[in-house]
Amino acid sequence: INMVGTDFSQLLKAATQVQAVVDKTPGTYGSDLSFKASQPEVQIRLDRTRAAEYGLNVADVATTVSAALQGDITAKYRDPIDSNQYNINIILAKPDRSNIYTIGTIPVGYQNGNPIQLGDVANVKVGAGPTRVDRLNRLRQVSVTSYLLPGTQINNVRFQIDPQLKELAQQGRLGQVSYTWGGEAQTSADEFPYLIQAILLGVILSYMLMAALFNN
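Keep in mind that what you see is a predicted model, and the values were worked out from it rather than measured.

What counts, and where the lines are drawn
- Residues numbered from 1 in each chain as written.
- Predicted model: local features only at pLDDT ≥ 70, side-chain atom pairs only at ≥ 80, totals over all residues.
- Heavy atoms only, no water.
- Phe/Tyr/Trp six-rings, centres within 6.5 Å; stacked < 30°, edge-to-face > 60°.
- Helix = DSSP H or I, 4+ residues; strand = E, 2+ residues; numbered from the N terminus.
- Buried < 20%, exposed > 50% of the residue type's maximum accessible area, 1.4 Å probe, protein only.
- Axes fitted to C-alpha atoms, helices over the stretch in contact; angles between N-to-C directions.
- Parallel < 35°, antiparallel > 145°, perpendicular 65-115°, else oblique.
- Left-handed = near helix turned anticlockwise from the far one by under 90°.
- Contact = heavy atoms within 4.5 Å.
- Nonpolar A, V, L, I, M, F, W, Y, C, P; charged D, E, K, R; others polar.
- Core = buried A, V, L, I, M, F, W, Y, C linked by side-chain atoms within 4.5 Å.
- Patch = residues over 30% accessible without salt bridge, like charges linked within 9 Å, V, L, I, M, F, W, Y side chains within 5 Å.
- Areas by Shrake-Rupley, 256 points an atom, 1.4 Å probe, with all protein chains shown as cover.
- Salt bridge = Lys/Arg side-chain N within 4 Å of Asp/Glu carboxyl O.
- Expected span 1.5 Å × (residues − 1).
- Bend = angle between axes of the 7 residues up to and from the residue.

Our next topic: the packing of aromatic side chains. The geometry of two aromatic rings is summed up by the distance between their centres and the angle between their planes. Going through the model one piece at a time under the given rule, you end up with two aromatic pairs. A ring pair is formed by Y29 and Y147, whose centres lie 5.6 Å apart and whose planes are at 25°; its orientation type is stacked. Taken together, the positions of Y29 in strand β2 (residues 28-33) and Y147 in strand β10 (residues 139-148) put the pair 118 residues apart, joining distant regions of the chain. Exposure remark for Y29: the relative accessible area of 42% places this residue in the partly exposed category. Relative accessible area serves as the criterion here: at 55%, Y147 is assigned to the exposed category.

Dropping the structure here:
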């Protein structure tokens, strides 16, 4: 079951609820989420109100922090011997980029000649980020997967799960998150119309054959 949305925290909460529904459905086992929060990272959350008081916006802070942590090619050096050009990349020293306390002291602007540090307008902390980011139609996606016990039909499982998912959506517990079926369930749904067509064609051909044989 593919869950998609714009708010990742809301998306993860909805996916966890759907996983709980799958877990209690007979015939399923080993459910899992595609999201794995195991990559440590430094998270910077801008306080827009405080930033506005200093005359800063998101773009100003983001540009400055990006230049400090990822570097900024501001000029080129031409070797007088072989005339080759080399980029001059201005970036914080590695020990400073690896220290969360130093990152909070990055100057992102000035007011009355005094530097405004990143920690003055943003919350800097260590958190965990996803090891990968899945997207569907440019929206964040988290997939809920599960195995089926031997002898269990995917359509029977889907008929049990679908009403519960619709109830969660009607109660507003999924928020702005939408879902679609994938994997074997999607394959089965895609092939069902062709199966109906094949059955109808078989009935028509059988009728035509009997009519020809008995001339009636």
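Orientation of helix α1 (residues 8-23) relative to helix α7 (residues 154-170), taken along the N-to-C sense of each, is 150°, at an axis distance of 10 Å. Judged by the inter-axis angle, α1 sits roughly antiparallel to α7. Once α1 is placed against α7, the crossing between them reads as right-handed. On the side of α1, the interface is formed by Q17, V18, V21 and V22, while α7 contributes I161, Q164, L165 and L168. Of the residues contributing to the contact of α1 with α7, the split by class is six nonpolar, two polar and no charged.

If you look at the biggest cluster of nonpolar residues, it comprises 21 residues, and the most contacted ones within it are I1, M3, V18, V144, I161 and L165. The element that contributes the greatest number of residues to this core is α1, accounting for six residues. Filtering out sequence-adjacent residues up to four positions away, I161 remains in contact with I1, V21, V22, T25 and W181. Counting residues in hydrophobic clusters, the runner-up holds 13 residues, among them V65, A68, V108 and V121.

Right, let's get into a nonpolar patch on the surface. A cluster of nonpolar side chains, contributed by F192, L195, I196, I199, L200 and V203, occupies part of the molecular surface with about 570 Å² of accessible area. Inspection of the secondary structure assignment puts F192 in helix α8 (residues 183-214).

Counting across every chain of the model gives three salt bridges. Linking K36 and D32 is a salt bridge whose minimum nitrogen-to-oxygen distance equals 3.3 Å. Judged by relative accessible area, which is 37%, K36 ranks as partly exposed. Between R50 and D47 there is a salt bridge, and its shortest N-O distance comes to 3.8 Å. Here R50 falls in the partly exposed class, since its relative accessible area comes to 32%. Residue D47 is classed as partly exposed on the basis of its relative accessible area, which comes to 28%.

A few words now on α7. For α7, which comprises 17 residues, the first-to-last C-alpha distance of 24 Å matches the rise-based estimate of 24 Å (1.5 Å per residue) to within 8%. Along α7, the helix axis deviates most sharply at I161, where the bend reaches about 25°; the proline P163 sits within four residues downstream. Residues of α7 that are buried include every one of I154, V157, I161, D162, L165 and L168, and no others. Backbone geometry just after α7 places G172 at a positive phi near 80°.

The next point concerns unusual backbone geometry. The phi angle at S83 is positive, at roughly 65°, despite the residue not being glycine. Residue placement: S83 occurs in the loop between β4 (72-78) and β5 (85-90). A positive phi angle, near 55°, is found at N112, a position not held by glycine. Counting through the fold element by element, N112 comes out in the loop between β6 (107-111) and β7 (114-117). Judged by its relative accessible area of 75%, N112 is exposed.

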